[in-house]
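The chain contents come next:
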Amino acid sequence: MSRKYFGTDGVRGLVGQAPITPEFVMRLGYAAGEVLVKHARQRGSGLKGAEHPAVLIGKDTRVSGYMLEASLEAGFSAAGVDVVLTGPLPTPGVAYLTRALRLQAGIVISASHNPFQDNGIKFFSAEGAKLPDGVEAEIEAGLERPMQCKESSRLGKARRVDDAAGRYIEFCKSTFPHQLDLRGVKIVIDCAHGAAYHIAPHVFHELGADVEAIGVEPDGFNINDALGATKPAALREAVCETGADLGIALDGDGDRVVMADAAGTLYDGDQLLYVIARERAGNGGLAGVAGTLMTNLALEQGLAKLGVAFARADVGDRYVLDMMQAKGWQLGGENSGHIICLDKHTTGDGIVSALQVLAAMRVRGATLAALCRDLKLFPQVLVNVRVERGFDWRKQPRVVRAKEKAEKALGGSGRVLLRPSGTEPVLRVMVEGKDARKVRRLADDIAAAVEGARRGG
């Protein structure tokens, strides 16, 4: 599908610039509301006991969330759709509550791991999964038509759900084996001053852990600021300073996770996915694992040794989920820390994923280092080169030659991947191989070629 507004993770951008403006977001709410009303009519009715279709709107802790929440609410109301507001809630929490409350859709106002100046809108279906491409296409088509307003008797209403956080906390705890607990474990939780600040510490504390929380004082501007899953140095430092057994870092909207052990060693999504897969394979309950084009080659090889099938999807958790559903698999994820356990949740969830890793550690009585001992990650370098929208590296002979040269230098013992970002105007250059210095040099060479091509040099 050719997308004008929707990227791989909804509509995202710099606040105050198109498309993240109050006027556009109101029209987005209206267009989405029109689609939901149409679908409700096609099914013959709206919500049971309700006069209108209804949606759930959650957000992270960015200051712009207030403005965008009001704009979405106005748009949906004008379309005749009721709105249920949660306030700050992790993205997977919105997915869960949308399903639990039997609502038509869930909407998250968040730019995930990006700084506070950015924001975005992403949608979940009634089943708690990302919207199908076809529905997004309908919404985009609606954005090309003038916004109108239903007559007063057909306008949507809005209300707040006061126990959203408590409901989601209980859900997260339910994904941890009931016969296990976390007593005697000291854990540092880094919430990145994001949507999980009032959720994650309670989940792990109520399961018995001694919790030291950082990144739990959001002020609207400090989300992801030198904290969280994309900046784990703070987690490593806090684990070592407090003598904790483990560290868990989430991102601003709580759907990705990285972890650290007592020595301060960091573990990314590939390593955590391996720990979960290894435990499930040992129990005979794992047919295959879905990764992405960015998944480290070591994970693919490690799963093969466990007798577990592996397949690569395009980068983006929605594509990982599509592959999992197509193959009937229950586990998949990305090295960024998006991990999907379909037997636990309908979408990636940083808290739930961390709990699955902790469950494996408790069952085996082993540390993260011990569980990952057989997985030796290949050195992998990722360089982001800013380019104009629509830049096609395949049409740039200089870039093509640099890529071919790198592949020849790796001699079949590594990988080269160039791909445009789905959320930023950058080309991502990834090189993976056995020799870290060679990998870095080759990645820099390709990046320089991209930069030269972009400038016309």
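Residues numbered from 1 in each chain as written. Predicted model: local features only at pLDDT ≥ 70, side-chain atom pairs only at ≥ 80, totals over all residues. Heavy atoms only, no water.

Peer 1: Looking at this structure, how should I read the sheet that holds strand β15 (residues 339–341)?
Peer 2: Sheet strands pair by backbone hydrogen bonding; their relative direction is either parallel or antiparallel. Within the open sheet, the four strands sit side by side as β13-β12-β14-β15. Their pairing is mixed. Pairing within the sheet leaves two strands with one partner each, and these edge strands are β13 (309–313) and β15. Each neighbouring strand pair of the sheet contributes to a mean axis angle of 20 degrees, computed without reference to strand direction. In this sheet, β15 lies alongside strand β14 (residues 331–333) in antiparallel orientation, the contact comprising three bridges. Directly across from Leu-331, in β15, lies its bridge partner Cys-341. (Pairing = 2+ DSSP bridges. Helix = DSSP H or I, 4+ residues; strand = E, 2+ residues; numbered from the N terminus. Axes fitted to C-alpha atoms, helices over the stretch in contact; angles between N-to-C directions.)

Peer 1: Looking at this structure, I do not really get the packing of aromatic side chains. What am I missing?
Peer 2: The geometry of an aromatic ring pair comes down to the distance between the two centres and the angle between the two planes. A full pass over the atoms with the stated rule returns five aromatic pairs. Considering the side-chain rings of Tyr-96 and Phe-171, the 4.3 Å spacing of their centres and the 15 degrees angle between planes classify their relative orientation as stacked. Remark: Phe-171 occurs in helix α5 (residues 164–174) and Tyr-96 occurs in helix α3 (residues 91–100); sequence separation between them is 75 residues. Looking at Tyr-96, the relative accessible area reads 18%, which means it is buried. Judged by its relative accessible area of 10%, Phe-171 is buried. Their ring planes at 80 degrees and their centres at 5.3 Å tell us that Phe-116 and Phe-221 sit as a pair that is edge-to-face. In this pair, Phe-116 sits in the loop between β4 (105–109) and β5 (118–125) while Phe-221 sits in the loop between β8 (210–214) and α7 (233–242), placing the two residues 105 residues apart along the sequence. Judged by relative accessible area, which is 45%, Phe-221 ranks as partly exposed. (Phe/Tyr/Trp six-rings, centres within 6.5 Å; stacked < 30°, edge-to-face > 60°. Buried < 20%, exposed > 50% of the residue type's maximum accessible area, 1.4 Å probe, protein only.)

Peer 1: Which parts of the structure should I look at to understand the sheet that holds β8?
Peer 2: Pairing within the open sheet is mixed, and its five strands lie in the order β8-β7-β9-β10-β11. The open sheet has two free edges, formed respectively by β8 and β11 (266–267), since each of these has just one partner strand. Two elements, strand β10 (residues 257–261) and β11, share two bridges in a ladder whose sense is antiparallel. The residue bridging Met-259 from the neighbouring strand is Tyr-267, located in β11. The sheet contacts of α7 involve β7 (186–190), β8, β9 (246–250), β10 and β11, and relative to β7 the element is tilted by about 155 degrees. (Contact = heavy atoms within 4.5 Å.)

Peer 1: So what exactly am I meant to see when it comes to the pattern of salt bridges here?
Peer 2: Oppositely charged side chains can form a pair if their charged atoms are brought close together. Per the counting criterion, the structure on display carries 31 salt bridges. Asp-9 is the salt-bridge partner of Lys-122, the closest N and O atoms lying 3.3 Å from each other. Within this pair, whereas Lys-122 is found in strand β5, its partner Asp-9 is found in the segment before β1 (11–14), the two being separated by 113 residues in sequence. (Salt bridge = Lys/Arg side-chain N within 4 Å of Asp/Glu carboxyl O.)

Peer 1: When you look at unusual backbone geometry in this model, what are you seeing that I'm missing?
Peer 2: Most peptide bonds take the trans configuration, and most residues that are not glycine carry a negative phi. For the bond from Ala-18 to Pro-19, the omega torsion is 10 degrees, close enough to zero to count as cis. Mapped onto the fold, Pro-19 is located in the loop between β1 and α1 (22–42). With a phi angle near 55 degrees, Ser-112 is a residue other than glycine that sits in the positive phi range. Here Ser-112 lies in the loop between β4 and β5. Given the relative accessible area of 2%, Ser-112 is considered buried.

Peer 1: Can you walk me through the side chain of Gln-356 in this structure?
Peer 2: By secondary structure assignment, the location of Gln-356 is in helix α11 (residues 350–364). Taking relative accessible area as the criterion, Gln-356 reaches 8% and is therefore assigned buried. In terms of polar contacts, Gln-356 uses its side chain to reach the backbone carbonyl oxygen of Thr-175, at 3.3 Å. A polar contact is formed between the side chain of Gln-356 and the backbone oxygen of Val-352, at a distance of 3.0 Å. Excluding residues that lie within four positions of it along the chain, Gln-356 makes contacts with Thr-175, Ile-276, Arg-280, Cys-341 and Lys-344. (Polar contact = N/O pair within 3.5 Å; in protein donor to acceptor, adjacent residues only side chain to side chain.)

Peer 1: I keep staring at the packing of helix α13 (residues 397–410) against helix α14 (residues 436–455) and nothing clicks. Help me out?
Peer 2: Any two packed helices are characterised by how steeply their axes cross, that is the angle between the axes, and by the distance between the axes. Put simply, α13 and α14 touch, their axes get as near as 8 Å, and they point 170 degrees apart. Considering the angle they form, α13 stands roughly antiparallel to α14. Contact residues: Arg-398, Val-399, Ala-402, Lys-403, Ala-406, Ala-409 and Leu-410 in α13; Lys-438, Leu-442, Asp-445, Ile-446, Ala-448, Ala-449, Val-450, Gly-452 and Ala-453 in α14. Split into classes, the residues belonging to the contact of α13 with α14 amount to eleven nonpolar, one polar and four charged. (Parallel < 35°, antiparallel > 145°, perpendicular 65-115°, else oblique. Nonpolar A, V, L, I, M, F, W, Y, C, P; charged D, E, K, R; others polar.)

Peer 1: For this particular structure, what's the right way to read the environment of Arg-428?
Peer 2: By the secondary structure assignment, Arg-428 is in strand β18 (residues 426–432). Judged by relative accessible area, Arg-428 falls into the buried class, the value being 11%. It is 6.4 Å that separates the C-alpha atoms of Arg-428 and Val-385, two residues lying 43 residues apart in sequence. Here the side chain of Arg-428 touches Asn-384 through a polar contact of 2.9 Å, side chain to side chain. In terms of polar contacts, Arg-428 uses its side chain to reach the side chain of Ser-421, at 2.9 Å.

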